[in-house]
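Chains, contacts and geometry: an overview
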Amino acid sequence: MTENEFITRIIRNAPKHHPELSIGIGDDCAVIQQGASHDHDLVLKSDSVIEGRHFEGGEDPVRIGRKAISRAISDFAAMAADPRWALVTLSLSDRQDVDWTEALYAGISERAGQFGITIVGGETATTPGPAVITIALTGEVATGKAIPRSRGRPGDLLFVTGLLGNSLDSHHLDFMPRIAESRWLFNHTTLHAMMDLSDGLAADLPRLAEASECGYKIERDALPLRGNSTIDQALND
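Heads up: these notes are all about the structure in this document.

Procedures and definitions
Residues numbered from 1 in each chain as written. Predicted model: local features only at pLDDT ≥ 70, side-chain atom pairs only at ≥ 80, totals over all residues. Heavy atoms only, no water. Helix = DSSP H or I, 4+ residues; strand = E, 2+ residues; numbered from the N terminus. Buried < 20%, exposed > 50% of the residue type's maximum accessible area, 1.4 Å probe, protein only. Contact = heavy atoms within 4.5 Å. Areas by Shrake-Rupley, 256 points an atom, 1.4 Å probe, with all protein chains shown as cover. Lys, Arg positive; Asp, Glu negative; His and termini not counted. Charge placed at Lys NZ, Arg CZ, Asp CG, Glu CD. Pairing = 2+ DSSP bridges. Salt bridge = Lys/Arg side-chain N within 4 Å of Asp/Glu carboxyl O. Patch = residues over 30% accessible without salt bridge, like charges linked within 9 Å, V, L, I, M, F, W, Y side chains within 5 Å.

Looking now at the overall build of the protein chain. Helices and strands together make up the secondary structure of the protein chain, namely six helices and six strands. With the principal axes as the frame, the protein chain shows a C-alpha extent of 55 × 50 × 35 Å. Taking all 237 residues of the protein chain together, the buried fraction comes to 36%. The long-range fraction of contacts in the protein chain, counting pairs at least 24 apart against all pairs at least 6 apart in sequence, stands at 77%. Surface exposure of the protein chain reaches about 13500 Å², of which carbon and sulfur atoms provide 51%. Charge-centre separation for the protein chain: the mean point of 22 positive side chains lies 4 Å from the mean point of 34 negative side chains.

Okay, structure coming up:
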């Protein structure tokens, strides 16, 4: 079962029709209308990184912390939204070194500060399994202005920001969320649909196309490659 199939299965009976819900399950973030007295909609997102899946235990905990919160921030960029508040949940072994945990939190705090995000709470728990770091973000977007995955149109041009490929060569720990690029695009272009590429272009582009009920064509020679990356790495890393 693919991730998309699994999500479709578990949300089948979830209540998702509410008059204040603007964008719900299936997009990068959820968007909630706050009524006529507000000029912004509420934006919600949570994301987890898991030891052995998204990072290795021997890697620099500061960089792991940066990646953990950057993944959630990247989803805000995909909605043309601004993150404001963060909750941090750490599920760690009771044998985890305290210095490692402090360095992890330092990485989270450093990246949060770069984007004007305030950490307001969270949870700590012990687990016999691998370490799990979960970030829950709330923020805002101008009322009715969030950019979903679902409004792409036939004939739209597809673009990516930054370079693709060699992500597995440690770049996945150091990527910078595209908040600045998202704001520029929002202010200077006509955007129909956006999403982030956490799972790679070859995995995420079909999701964008499916949400917009469109097909797609990739100009492989036009892909912006990082260093000596191959086209296969640019598509799949």
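In this section: the pairing of strand β3 (residues 40-50). The alternating pattern of β3 places Asp-41, Val-43, Lys-45, Asp-47 and Val-49 on a buried face, while none of His-40, Leu-42, Leu-44, Ser-46, Ser-48 and Ile-50, on the opposite face, is buried. With three bridges joining them, strand β2 (residues 30-32) and β3 adopt antiparallel strand pairing. Paired with Val-31 across the strands is Val-43, a residue of β3. Here β3 pairs with strand β6 (residues 132-142) via eleven bridges, running antiparallel.

So, on to the side chain of Ser-70. Among the secondary structure elements, Ser-70 is positioned in helix α2 (residues 61-78). Not counting residues up to four positions away in its chain, the partners in contact with Ser-70 are Arg-111, Phe-175 and Pro-177.

On inspection of all chains with the given rule, the structure shows 13 salt bridges. A salt bridge links Asp-94 to Arg-95, with the nearest nitrogen and oxygen atoms 3.9 Å apart. For Glu-181, the salt bridge identified is with Arg-178, shortest N-O distance 3.9 Å. On the basis of relative accessibility, which here comes to 31%, the residue Glu-181 falls in the partly exposed class.

Let us now look at a nonpolar patch on the surface. Judged by side-chain polarity, Met-1, Phe-6, Ile-7, Ile-10 and Ile-25 come together as a nonpolar surface patch covering roughly 510 Å² of accessible area. Along the chain, Met-1 falls in the segment before α1 (3-10).

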